[in-house]
Amino acid sequence: MNRGEKLRKHGRTEARPARKGRRLGLVLVLALLLVGGGVGTLAYLRGDGGPALPDGAGPGQAALPLNDIAAPEQPYSAAEVGTGAYWAIPLPDEMRAMWISFQELEGLDLASEPAAAEAFGQVFEECRGLGLNTVIVMVRPYSDALYRSALFPFSHIINGTQGHDPGFDPLEVMVREAHARDLRIEAWVIPYKISQSWSGPHSLSDDNPASKHPEWVVDIGGDLWYDPGIPEVRSLVRDGVLEIVQNYEVDGIHFDDYFSPDSFEGPGAFDAGSYAEHGGGAAWADWRRANNDDLVRSVYVAIKSANPSVSFGISPQGDSDVNYHQEYSDVGKWMAKPGYIDYVMPQLYEGFAHRTPDGSDASAFENAAATWAASPRDASVRLYAGLGAYRVGLLQADGSRFGFGDYGSNDQSEWESGRNLADMVSALRSQEGYAGFALFRHAYLFQPGDPLSQGERTALEELLGQAPG
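Conventions we followed
- Residues numbered from 1 in each chain as written.
- Predicted model: local features only at pLDDT ≥ 70, side-chain atom pairs only at ≥ 80, totals over all residues.
- Heavy atoms only, no water.
- Pairing = 2+ DSSP bridges.
- Helix = DSSP H or I, 4+ residues; strand = E, 2+ residues; numbered from the N terminus.
- Axes fitted to C-alpha atoms, helices over the stretch in contact; angles between N-to-C directions.
- Phe/Tyr/Trp six-rings, centres within 6.5 Å; stacked < 30°, edge-to-face > 60°.
- Buried < 20%, exposed > 50% of the residue type's maximum accessible area, 1.4 Å probe, protein only.
- Lys NZ or Arg CZ within 6 Å of the ring centre and 35° of its normal.
- Core = buried A, V, L, I, M, F, W, Y, C linked by side-chain atoms within 4.5 Å.
- Contact = heavy atoms within 4.5 Å.
- Salt bridge = Lys/Arg side-chain N within 4 Å of Asp/Glu carboxyl O.
- Left-handed = near helix turned anticlockwise from the far one by under 90°.
- Nonpolar A, V, L, I, M, F, W, Y, C, P; charged D, E, K, R; others polar.
- pLDDT = per-residue confidence, 0-100.
- Expected span 1.5 Å × (residues − 1).
- Polar contact = N/O pair within 3.5 Å; in protein donor to acceptor, adjacent residues only side chain to side chain.

Q: Before we move on, can you summarise the sheet that holds strand 5 (residues 217-220) with the specific residues and values?
A: Read from one edge to the other, the open sheet built from 3 strands follows the order 4-6-5, with strand pairing classed as antiparallel. Edge positions in the sheet fall to strand 4 (193-195) and strand 5, since each has one partner strand and no second. Between one strand and the next, the sheet's axes are offset by a mean angle of 35°, whatever the strand orientation. Of the strand pairs in this sheet, strand 5 and strand 6 (residues 223-226) are connected by 4 bridges, and their pairing is antiparallel. Pairing of Ile220 across the sheet is with Asp223, part of strand 6.

Q: Give a detailed account of the packing of aromatic side chains, specifying residues and quantitative values.
A: Under the counting rule described, the total for this entry stands at 18 aromatic pairs. Between Tyr275 and Trp284 the ring centres are 4.0 Å apart and the planes differ by 10°, which places this aromatic pair in the stacked class. For the pair shown, Tyr275 and Trp284 are each scored as buried. Cluster of aromatic residues (ring-pair linked, three or more members): Trp99, Trp188, Tyr349, Tyr390, Phe440 and Tyr444. Just above the ring of Tyr324 sits the side chain of Arg289; from NZ or CZ to the centre is 3.8 Å. The side chain of Arg297 reaches across the aromatic face of Tyr340, ending 5.3 Å from its centre.

Q: Explain the environment of Phe152 to me, using residue names and the numbers behind them.
A: Considering the arrangement of structural elements, one finds Phe152 in the loop between strand 2 (134-140) and helix 5 (156-159). Taking relative accessible area as the criterion, Phe152 reaches 5% and is therefore assigned buried. Each C-alpha atom of the pair Phe152 and Ser205 lies 9.7 Å from the other, and the pair is 53 residues apart in sequence.

Q: A description of the nonpolar core should follow, citing residues and the corresponding values.
A: Ranked by internal contacts, the top residues of the largest apolar core, which has 121 residues, are Ile253, Phe255 and Leu439. If one sorts the elements of this core by residue count, helix 10 (residues 284-306) sits on top with 8 residues. Each residue touching Phe255, except ones within four places of it in the same chain, is listed here: Val189, Pro191, Val237, Val241, Leu295, Val299, Phe312, Gly313, Ile314 and Ser315.

Q: I'd like to hear about the pattern of salt bridges, residue by residue, with values.
A: Pairing is possible between side chains that carry opposite charge, provided their charged atoms lie close to one another. If you walk through the whole model with that rule in mind, you get 19 salt bridges. When the shortest N-O distance is used, the salt bridge between Arg181 and Glu125 registers 2.9 Å. One end of the pair, Arg181, is in the loop between helix 6 (170-180) and strand 3 (184-189); the other, Glu125, is in helix 4 (residues 113-130), and 56 residues separate them in sequence. In this structure, the salt-bridge partner of Arg289 is Asp286, at a minimum N-O distance of 3.1 Å. Pair noted here: Arg289 and Asp286 are both in helix 10, with a separation of 3 residues, about one helical turn. Residue class for Arg289 comes out buried when judged on its relative accessible area of 8%. Since its relative accessible area comes to 43%, Asp286 is described here as partly exposed. Shared partners join several salt bridges into a network, and the residues in it are Glu113, Glu125, Arg128, Arg176, Glu177 and Arg181.

Q: Describe unusual backbone geometry, with residues and values.
A: Note that the residue after Gly200, namely Pro201, is joined by a cis bond; omega there is -5°. Relative to the assigned elements, Pro201 resides in the loop between strand 4 and helix 7 (209-212). Cis geometry marks the peptide bond from Phe440 to Arg441; its omega dihedral reads 0°. Examined against the element boundaries, Arg441 turns out to sit in the loop between strand 14 (434-439) and helix 15 (442-445). Here Tyr328, not a glycine, exhibits a phi torsion of approximately 55°, which is positive. Inspection of the secondary structure assignment puts Tyr328 in the loop between helix 11 (320-325) and helix 12 (331-336). In this model, Tyr407 sits at a positive phi of 65°, which is unusual for a non-glycine residue. With respect to the helices and strands, Tyr407 occurs in the loop between strand 13 (401-402) and helix 14 (420-430).

Q: Describe the packing of helix 13 (residues 365-373) against helix 14, naming the residues involved and giving the relevant values.
A: Running from N to C, helix 13 and helix 14 cross one another at 35°; their axes reach a closest spacing of 11 Å. The chirality of how helix 13 crosses helix 14 is right-handed. Across from Phe365, Glu366 and Ala369 in helix 13, the residues of helix 14 making contact are Met424, Ala427 and Leu428. In terms of residue class, the contact of helix 13 with helix 14 is built from 5 nonpolar, no polar and 1 charged.

Q: Account for the environment of His213, naming residues and giving values.
A: Counting through the fold element by element, His213 comes out in the loop between helix 7 and strand 5. With a relative accessible area of 27%, His213 lands in the partly exposed category. Separated by 13 residues in the primary sequence, His213 and Tyr226 have C-alpha atoms spaced 9.8 Å apart.

Q: Break down the pairing of strand 6 for me, citing the residues and quoting the values.
A: Alignment of strand 4 against strand 6, held across 2 bridges, turns out to be antiparallel. Across the sheet, Ser195 pairs through a bridge with Leu224, a residue of strand 6. A loop of 2 residues connects strand 5 with strand 6, the two strands running antiparallel in sequence, and Gly221 in this loop sits at a positive phi of about 60°.

Q: An account of the confidence of the model for the chain is needed here, citing residue identities and associated values.
A: In the predicted model, the chain carries a mean pLDDT of 85, and 81% of its residues have values of at least 70. The model gives residues 1-84 a pLDDT under 50, and that stretch makes 156 contacts with residues more than four places away or in other chains.

Q: Go over helix 4, please, and point to the residues and values.
A: Taking 1.5 Å per residue as the helical rise, helix 4 with its 18 residues ought to reach 26 Å, and the 26 Å between its terminal C-alpha atoms agrees with that figure. Residues of helix 4 that are buried include every one of Ala115, Ala116, Ala117, Ala119, Phe120, Gly121, Val123, Phe124, Cys127 and Leu130, and no others. One side-chain oxygen of the residue at the start of helix 4 lies 3.3 Å from the amide nitrogen of Ala115, identifying that residue as Ser112. Directly beyond the C-terminal end of helix 4, a positive phi value near 100° is found at Gly131.

Laid out in structure tokens, this is it:
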């Protein structure tokens, strides 16, 4: 099968230019530095001198005000990529993605580079065999990194100890194994989480930014978060994303829905101190949303300054009111105006027949999908759907299922059909506006000996082997 046939098989019709190696890119960067007198230490070179972060920008500096960010009115074209940048695999005609979270990664053998290559290779091969074209892998779960970083310590997920160098670079292995299977790979970043009481890490390394800057950290019910109201925190997140795009041939950067540690406002709120210092008299909720606007816009600009061919997408919750009023994320603005995101992927995790106890079907799959499709959206922003593969549940040793169904007040038998996810993909293909989907998450579809997950896989394989429409 030639490359063009592979591209068509995985939903991509645009040929991809030859990938420029990082070594060649670095040589070009150094050469241009010597000739041209220098560029910002955190910005990749662009052929047209487009927007870049200021020289020396780092986590100790305040985030750029929005009116100082020269965001493009339209996305950059491939021709505008600078000579020092690599070529990312473009967004496909139909996104077919799999989320791979820290929970999957914890179950993999990452003791050595060969072991990690085999483990990632198996997971990615399973995704490719399902007919998918993209993997979205969590690489910065808890203010730590599954890659070699100048800003964050190595993750405890690799070998149990945060900050311990494993002797190889897991993300480098992931990128290599994904691209060897003609899969796009997006680096999934959690911006503000530091630790959770149930999942860890239960101790932070001395070189964790949270250890160095305890004044940035808030404790909410035993979980540690960065305070989004502190400009230096948002700068840290931005610079961390830029570091990934500069150093790894990822095809995209992905955020999910965690934009606020808590919805409580007023005296005693987690961000009362930062609000007093930076709020400027704005309404508390508006100020929080403005902080997240600043983060998303600055991350977008940083990515496009480094490499315009890398995509930036966000997967918010499926309920727009929750996003706006509890997560303080103005997703409607990010969709409607260029310069924030390349795609939005709402989490449409409920079933077709979902009903709340009061009888509402607003969150039922097709109704929620139609609501998002009707939302104002700039032509540069694509719309995908996050599908809840975890609703199938995990088969337990005693034959019961953990996490089964969507917990609605209705009959849950649709999640026992063995093809609910395939039916959702079919519904999306008939709904105007959608350009693909992602499945949350890998473990729920690849359970050895589980006939229900096997049925869902078989139905998806059959459907994804057909052309959309």
